[in-house]
Amino acid sequence: MNGYAGKLLRVNLSNGKVSKEEIPDSMKRDYLGGRGFAIKLLWDEVRSVDPLSEKNKLIFSIGPLSGQLLPSAGKMVIASKSPLTGGYGDGNIGTMASVHLKKAGYDVVVVEGKSEKPCYLLIEDEHIKIEEALDLWGKDTFETQDLLEKKHGRNSGILITGPAGENQIRFSTVMSQKGRAGGRPGMGAVMGSKKLKALVIKGTGNVSNFDDAKLKELTKRGYDEIKKKESYEFWMKQGTMQAFEWCNENACLPTYNFREGVFEFSKEMDGYVLEKLHANRKGCPMCNMQCGHVIKDSSGQPAELDYENVGMLGPNIGLKSLPQVARLNRMADEWGLDTISLGSCIGFLMEASEKGLIPEKLKWGDFEAAQKLVVDIGKGEGLGKLVSRGVKGAAETLGKGSHRWAMHVKGLEVSAYNCHACPGMALSFGTSPIGGAHKDAWIIAWEIANDRFSYNKSKVEKLIEFQRLRGGFFESATVCRLPWVEVSFGLDWYPQFLEAVTGEKRGWEDFLKIGDRIYNLMRAFWKREVPQFGRQWDYPPERWFEEPHSQGKMKGMKVDRKKYEQMLDWYYELRGWDQNGIPQKETLENLGLKEVAKEIG
Ligand code: SF4
């Protein structure tokens, strides 16, 4: 089929075996690419394994739109059985590696086994080498990027695990280009467990598209339209940081470990402050909405900021200085730690100290202490050891009721939206297929604008619509969803892009069905890999049910448990799952997943 490179590259690090396989057209039609390919392969090939053992597999996959010259199409999905949650884990990353992978002739790389010594994988078109990486092991992701660029050229596509991944800290990510990160649920730790320090990808070929002239014309018009959008100018000034002021105004800013939704120092660090400090802009390839804002951190080094990392490493730990937040963020990127989980872990430890549950004295907003914690967490030493399995693991070790304010879903820390007064967003976190992530159904903006306090069925329908689009289509196509989300770039563009690329005329009904197939397979994977998996995995953190906000305009608000239960019932009914959240036989069969139904039935 046009638009795909057509091949899967399989590399076994235990025995050095390399093979190349054709990707069947049926897989392209049924799963599209990216996340779809990843879950299909994990379902077929990874069964009851320890995520950090050589039996786990690490998948790098792209879709028909990735690597094309289309708006915001420089994305790749990295997936594996997660060492943080034990279930399906993935994340997307904007990187030149996506572009090069397609040019090199592959849609997917599957890494198997485990190397005896540190190594990196070099992919140069059809030439594949496993290179020694003893000199890179222990180096941070920025230094590693420099060294690999020096050796293989500045424009190479490079994916790296940092020292945190080497130390198998379970929320370590994969990094690229000094600031791009992907794979929150521990994809960096899986790389580290395989002693795989990096992938270097250099492709020189061209994928064959169905109609290049049409694609060129669509591409030009698409970029032009994005630039003409009303919200484009403000987006370019603040990027995702435009959410900071909005979240504070609407009392959903994560503050003091998600206790509150407003931060008394918010004016000192919002998007307008960022505008004044702005030094540079960074982003993913093929994007004219680049959302990484670079400022000088408190040590004078350039560091990139976005809303999620400012929310989690700022108000969530009581820190009010943007350059200091930038410092923590740069350290996290160097170590290869996920900034959302890191902010949650630091907040958890500060609260544990405040409650007298640990002997160490940690004060909210203590920058020096936070810097030390980043290092300890990256090394897995001292207090870093306590949170090396994330806040869920830390609460299991610490006990004393700390699970009530361990801010995670399914073991993955929730991202930067406090949901005491946003029940739809709470359900979105609760039902996200990788745990507490916002990427699948960021319903909060719609909810606050339209129907904030209700717990009705139409809100659940809306949430599923978002999951189908965001978590199903965009993750599998694979392109960034932000042009659609942030500047209202029309959804009608995407079937046109796909038709020009693949030659197949397909509509949204078809793409949404693919999204459903992917969701059901991810759910089945959880059911098969996690004993006892079921309804109890689909709840937001206890704090949102139990402790109302004590200040701000949402004072007294918390999520109503009974009404949440009702929304969850509707969610399962609409998805065709039983009341324990397990896909029903008929649902799976209607999606062509008969064999899956047999296995989990
Ligand atoms: S909008 Fe941001 S995340 Fe999306 S492709 Fe552009 S730079 Fe990357």
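Residues numbered from 1 in each chain as written. Predicted model: local features only at pLDDT ≥ 70, side-chain atom pairs only at ≥ 80, totals over all residues. Heavy atoms only, no water.

Engineer: Account for the overall build of the protein, with residues named and values stated.
Structural biologist: On a plain count of helices and strands, the protein comes out with 26 helices and 17 strands. The C-alpha atoms of the protein give a radius of gyration of 22 Å, which matches the 25 Å a tight globule of 601 residues would have. Projected onto its principal axes, the C-alpha positions of the protein cover 60 × 55 × 50 Å. For the protein, the share of sequence-separated contacts (at least 6 apart) that also reach a separation of at least 24 residues comes to 70%. Accessible area for the protein stands at about 21000 Å²; split by element, carbon and sulfur atoms hold 48% of it. (Helix = DSSP H or I, 4+ residues; strand = E, 2+ residues; numbered from the N terminus. Rg over C-alpha atoms; globule rule 2.2 N^0.38 Å. Contact = heavy atoms within 4.5 Å. Areas by Shrake-Rupley, 256 points an atom, 1.4 Å probe, with all protein chains shown as cover.)

Engineer: So what about the pairing of strand S2 (residues 18-22)? Which residues, and what values?
Structural biologist: Two strands pair when backbone bridges link them, and strand S1 (residues 7-12) and S2 are joined in this way by five bridges, in the antiparallel orientation. If you follow Val11 over to S2, its bridge partner there is Val18. Counting the residues that bridge the hairpin from S1 to S2 gives five residues, and of these Gly16 lies at a positive phi of roughly 75 degrees. (Pairing = 2+ DSSP bridges.)

Engineer: So what about the site of the ligand? Which residues, and what values?
Structural biologist: Around the ligand, the surrounding shell consists of Ser72, Lys75, Gly283, Cys284, Cys287, Met289, Gln290, Cys291, Cys480 and Leu482. Per-class residue counts for the shell around the ligand are six nonpolar, three polar and one charged. (Near = heavy atom within 4 Å. Nonpolar A, V, L, I, M, F, W, Y, C, P; charged D, E, K, R; others polar.)

Engineer: Explain the sheet that holds strand S4 (residues 75-81) to me, using residue names and the numbers behind them.
Structural biologist: The mixed open sheet is built from six strands, whose spatial order is S2-S1-S6-S3-S4-S5. Looking at strand neighbours, the two that pair on one side only are S2 and strand S5 (88-94), the edges of this open sheet. Neighbour-to-neighbour, the strand axes of this sheet turn through a mean angle of 20 degrees, independent of strand direction. As defined by bridge partners, strand S3 (residues 58-61) adjoins strand S6 (residues 108-112) across four bridges and the pair is classed as antiparallel. (Axes fitted to C-alpha atoms, helices over the stretch in contact; angles between N-to-C directions.)

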